[in-house]
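# Descriptive structure summary
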Amino acid sequence: MEAAAGWRCRPGGRLDMSHGFVRHIRRNQIARDAYERAVRQARGRARGRLTPTPTRPRRPDQQVYRPRRPGGPGGDANPGPPAADTRGPRLFCLEYEGDDGHVTAVIVHQGDSAEEVTRRVCARSPLEPALRRALCQRVQDELSKRRGTG
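Analysis parameters
Residues numbered from 1 in each chain as written. Predicted model: local features only at pLDDT ≥ 70, side-chain atom pairs only at ≥ 80, totals over all residues. Heavy atoms only, no water. Helix = DSSP H or I, 4+ residues; strand = E, 2+ residues; numbered from the N terminus. Contact = heavy atoms within 4.5 Å. Patch = residues over 30% accessible without salt bridge, like charges linked within 9 Å, V, L, I, M, F, W, Y side chains within 5 Å. Areas by Shrake-Rupley, 256 points an atom, 1.4 Å probe, with all protein chains shown as cover. Salt bridge = Lys/Arg side-chain N within 4 Å of Asp/Glu carboxyl O. Lys, Arg positive; Asp, Glu negative; His and termini not counted. Charge placed at Lys NZ, Arg CZ, Asp CG, Glu CD. Buried < 20%, exposed > 50% of the residue type's maximum accessible area, 1.4 Å probe, protein only. Axes fitted to C-alpha atoms, helices over the stretch in contact; angles between N-to-C directions. Parallel < 35°, antiparallel > 145°, perpendicular 65-115°, else oblique. Left-handed = near helix turned anticlockwise from the far one by under 90°. Nonpolar A, V, L, I, M, F, W, Y, C, P; charged D, E, K, R; others polar. pLDDT = per-residue confidence, 0-100. 1 Å grid on protein atoms, 1.4 Å probe; cavity = no way out; pocket = protein on both sides within 12 Å on 5 of 7 lines; lining within 4 Å. Points joined across faces, edges and corners; volume = space filled by probe spheres on them. Pairing = 2+ DSSP bridges.

### As for the side chain of Ser-125
Mapped onto the fold, Ser-125 is located in the loop between α2 (114-124) and α3 (129-147). Ser-125 has contacts with Tyr-96 and Thr-104, leaving out every residue within four places of it along the chain.

Written out as structure tokens, the structure reads:
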């Protein structure tokens, strides 16, 4: 009955390796092993970089926020709680960048006048009279906007 079924069997119950289906399976296994070996080698080469790339910004034109540190330039000397201010609540922070690239930051409160704010900016970075008048006008516009009188 075994011979009548038409089964191709080898002595010992092994598969007939010359059959077409088995050859395709074997060819796929060999191709997969070769691919995995190539991927493993490529991954090993990528990890083996001895010299790290230098730390530089990827987009040099993109601005990066750097918070001010207490005691540093533009920061408070005492990192404790701020003293009670009699000029009222803060309205905004005015930042002026001079021609040399130095940024002067002044916090503007509700009770400040435009002339007083301009004087504080000019104390840190001197301005020409024309620029001083333009800054005073701009601060006056911003104050009137925020106070609701403009």
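Here the narrative resumes, following the displayed structure.
### So, a negative patch on the surface
Together, Glu-97, Asp-99, Asp-100 and Glu-128 make up a region of like negative charge exposed at the surface. For Glu-128, the location among the structural elements is in the loop between α2 and α3. A relative accessible area of 54% means that Glu-128 is categorised as exposed.

### Details of the side chain of Glu-142
Inspection of the secondary structure assignment puts Glu-142 in helix α3. Of the residues examined, Glu-142 reaches a relative accessible area of 11% and is grouped as buried.

### Regarding the packing of α2 against α3
α3 packs onto α2 with a crossing angle of 130 degrees between their chain directions and a minimal axis gap of 9 Å. Between α2 and α3, the crossing angle belongs to the class labelled oblique. Taken as a pair, α2 and α3 cross one another with a handedness that is right-handed. Residues Ala-114, Glu-115, Val-117, Thr-118, Val-121 and Cys-122 of α2 form the contact with α3, whose participating residues are Arg-132, Leu-135, Cys-136, Val-139, Gln-140 and Leu-143. Within the contact of α2 with α3, the residues separate by chemical class into eight nonpolar, two polar and two charged.

### Some words on the confidence of the model for the protein chain
Taken as a whole, the protein chain shows an average pLDDT of 77; of its residues, 69% reach a score of 70 or greater. Least confident of the elements in the protein chain is strand β1 (residues 90-97), whose mean pLDDT is 86; most confident is α2, at 90.

### Overview of the layout of surface pockets
Each pocket or cavity is described by its volume, and for the second largest pocket that value is around 330 Å³. As for the second largest pocket, its lining consists of Gln-63, Val-64, Tyr-65, Arg-66, Pro-67, Arg-68, Glu-95, Glu-97 and Val-103. When its residues are assigned to classes, the lining of the second largest pocket shows four nonpolar, one polar and four charged.

### Quick look at the pairing of strand β2 (residues 103-109)
Judged by how many residues are buried, β2 sits mostly within the fold: five of seven residues are covered. Pairing analysis gives seven bridges linking β1 to β2, with the strands arranged antiparallel. Looking at the pairing, Tyr-96 lines up with Thr-104 of β2. The hairpin turn running from β1 into β2, its antiparallel successor, is five residues long, and Gly-101 in that turn takes a positive phi close to 95 degrees.

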